[in-house]
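Coordinate inspection notes
What follows is each chain in one-letter form.
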Amino acid sequence: MEGADSDSRSPKANGEMHLEVEVPETAHQISKDSWFQVGFVLTTGINSAFVLGYSGTTMVPLGWAGGVIGFVLATGISLYANALIARLHEFGGKRHIRYRDLAGHIYGKKAYFLTWTLQYVNLFMINTGFLILAGQALKRRISLSEEAIYVLFRDDHDMKLPYFTAIGGFVCAIFAIGIPHLSALGIWLGFSTFLSLIYIIVAFVLSLIDGIKAPSKDYSIPGSGASKVFSTIGAAASLVFAFNTGMLPEIQATIRQPVVKNMMKALYFQFTVGVLPLYAVVFMGYWAYGSTTSTYLLNSVSGPIWVKAMANIAAFLQTVIALHIFASPMYEYLDTQYGITGSALSPRNLSFRIVARGGYLAINTLVSAALPFLGDFMSLTGAISTFPLTFILANHMYVVAKDNKLNSLQKLWHWLNVCFFSCMSITAAIAALRLIALDSKTYNLFADL
């Protein structure tokens, strides 16, 4: 609703100037990437292997009408909310290369630490989901007794999902040690796009073939009463999870000047060209299998073993790259905190990455193996962190920062957004925690799902 103008004045609220928060310089590279490369970073995030889960986790609880309308609305409101954050990147006459830096500049020290906590939880849980996906991709069931990749080497099925999750965590750690910062991904973004196309095309085509062969499909929303209500609310949280990173300022920090204009180009690329593969595979998967669609679409498809194995290998490898993007704010914090600068291959820097990043991913992998409930984590992440970071905080920050430039109607619009998404966040968190509690009763820790 508002233009992408910058404001060079210091932020105020209630007529008082906020104290400046001491912000450390970054040890990572900034202001080097084109808008096109940043657009691919964003597109890598939304077309990660998570797209293989949305047919089952969002379309099944919402149905055709709710699902299609929900995805279109989530796309529009996500673009709008991310644009608000992007326009504040140079607020107050300085660049805010971290989400917490921007919040601290506008609100003060307490908001700085609260935002960092929310963002840390958000990214940790996203990475937990990636590691669950990595484990599932390595151990993907082809039938009741065969497994896609694992069956190529052994047929006794002694290895369970937690072991495959651990293998995934180890590979992610190796990649994290070798790629020092977000801008260094470079050619890996091209590989990521290629890998995404493999599993999306395979899932799309095999689902289409299965859908044509299927005599009839059931699109009724499963469950009854309270169960259906909670599932619908949880699916709404998964919708906002699908399109948002929770780390837009960190990604925008890598882009060249002019940062606001170039970031808007990257966002338009993400929410036009970038969402098409997601739409295609999500809607096709639900059309083919209806209410029986698996929470991991490649579990539902039938077809040649080698084709499905290829798709799962691609999903696994793309997950490794995508996880690195969402872990990069934590890596940047650790590198900056401990002064890790200079050559990425120096013994000191290399050994630090081995210990710090390896330790972080070891904890992440342990949580992923212990609680492998992918759909539940998507809902909970959307509820307790994506809603607050992307929608509630974005609208409120914009009102505070642009207070003197907004008319009454514009202020009312932003406050309605704050109130609505606050209610959604609370109800979605309750729904997600309920789902996790139910699944925890059904399955033990380190379950072999």
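Note: the structure precedes this text.
Residues numbered from 1 in each chain as written. Predicted model: local features only at pLDDT ≥ 70, side-chain atom pairs only at ≥ 80, totals over all residues. Heavy atoms only, no water.

Below, the discussion takes up the packing of helix α4 (residues 109-138) against helix α5 (residues 161-178). Where α4 contacts α5, the axes come no closer than 8 Å and their chain directions differ by 115 degrees. In this structure, α4 crosses over α5, and the sense of that crossing is right-handed. On α5, the residues touching Leu131, Ala134, Gly135, Gln136 and Leu138 of α4 are Leu161, Phe164, Thr165, Ile167, Gly168, Gly169 and Cys172. (Axes fitted to C-alpha atoms, helices over the stretch in contact; angles between N-to-C directions. Helix = DSSP H or I, 4+ residues; strand = E, 2+ residues; numbered from the N terminus. Left-handed = near helix turned anticlockwise from the far one by under 90°. Contact = heavy atoms within 4.5 Å.)

The subject of this paragraph is the pattern of salt bridges. Note on pairing: side chains with opposite charge can pair once their charged atoms come close. The full count for this structure, using the stated rule, is four salt bridges. Close ionic contact of Arg98 with Asp101 constitutes a salt bridge, the shortest N to O distance being 2.8 Å. Neither Arg98 nor Asp101 differs from the other in exposure class; each is buried. A cluster of three or more residues bridged by salt bridges with shared partners is formed by Arg98, Asp101 and Glu332. (Salt bridge = Lys/Arg side-chain N within 4 Å of Asp/Glu carboxyl O. Buried < 20%, exposed > 50% of the residue type's maximum accessible area, 1.4 Å probe, protein only.)

Further remarks concern the packing of aromatic side chains. Aromatic ring pairs are described here by two measures, namely the spacing of the ring centres and the angle between the planes. If you walk through the whole model with that rule in mind, you get 31 aromatic pairs. Consider the rings of Phe36 and Phe269, whose centres lie 5.6 Å apart with planes at 65 degrees: the pair is edge-to-face. Taken together, the positions of Phe36 in helix α1 (residues 35-46) and Phe269 in helix α9 (residues 259-270) put the pair 233 residues apart, joining distant regions of the chain. Look at Phe36 and you get partly exposed, because its relative accessible area is 42%. Ring geometry for Phe175 versus Trp188: centroids 5.1 Å apart, planes at 90 degrees, classification edge-to-face. You can see Phe175 sitting in helix α5 and its partner Trp188 sitting in helix α6 (residues 187-213), a full 13 residues away along the chain. (Phe/Tyr/Trp six-rings, centres within 6.5 Å; stacked < 30°, edge-to-face > 60°.)

Attention now goes to a nonpolar patch on the surface. On the surface, a cluster of nonpolar side chains totalling about 310 Å² of accessible area is made up of Leu197, Ile201, Val205 and Ile209. As for its position among the elements, Leu197 is in helix α6. (Patch = residues over 30% accessible without salt bridge, like charges linked within 9 Å, V, L, I, M, F, W, Y side chains within 5 Å. Areas by Shrake-Rupley, 256 points an atom, 1.4 Å probe, with all protein chains shown as cover.)

On to the environment of Gln270, then. By the secondary structure assignment, Gln270 is in helix α9. Overall, Gln270 belongs to the buried group, its relative accessible area being 2%. A sequence separation of 228 residues divides Gln270 from Leu42, and the C-alpha atoms of the two residues are 6.1 Å apart. Apart from residues lying up to four places away in sequence, Gln270 is in contact with Leu42, Thr43, Ile46, Phe243 and Val275.

A few words now on the packing of helix α3 (residues 99-107) against α4. Close contact between α3 and α4 brings their axes to 7 Å; oriented N to C, the two are set at 150 degrees. What the angle tells us is that α3 and α4 run roughly antiparallel. The interaxial crossing formed by α3 with α4 has right-handed handedness. Contacts between α3 and α4 involve Tyr99, Arg100, Asp101, Ala103, Gly104 and Tyr107 from the former and Ala111, Tyr112, Thr115, Trp116 and Gln119 from the latter. (Parallel < 35°, antiparallel > 145°, perpendicular 65-115°, else oblique.)

Across its 18 residues, α5 extends 26 Å between first and last C-alpha, which sits within 8% of the 26 Å expected from 1.5 Å per residue. Taken together, the buried positions of α5 are occupied by Leu161, Pro162, Phe164, Thr165, Gly168, Gly169, Cys172, Ala173, Phe175, Ala176 and Ile177. Of the surrounding elements, those touching the buried residues of α5 are α4, α6, α11 (305-337) and α12 (347-370). (Expected span 1.5 Å × (residues − 1).)

The next point concerns the nonpolar core. Formed by 110 residues in total, the largest nonpolar core has its most connected members in Leu52, Tyr54, Phe71, Ile106, Tyr199, Phe243 and Met397. It is α11 that contributes the most residues to this core, 15 residues altogether. The contacts of Tyr199, once residues within four sequence positions are left out, are Asn47, Ser48, Ala49, Val51, Leu52, Ala311, Ala314, Ala315 and Gln318. Of all hydrophobic cores here, the second largest spans eleven residues; its members include Ala81, Ala237, Val418 and Ala429. (Core = buried A, V, L, I, M, F, W, Y, C linked by side-chain atoms within 4.5 Å.)

Turning our attention to the side chain of Ser368. Looking at the element boundaries, Ser368 is found in helix α12. At a separation of 3.2 Å, a polar atom in the side chain of Ser368 contacts the main-chain carbonyl oxygen of Thr128. If we skip the residues at most four places from it in the chain, Ser368 touches Asn127, Thr128, Leu131, Ile132 and Thr165. (Polar contact = N/O pair within 3.5 Å; in protein donor to acceptor, adjacent residues only side chain to side chain.)

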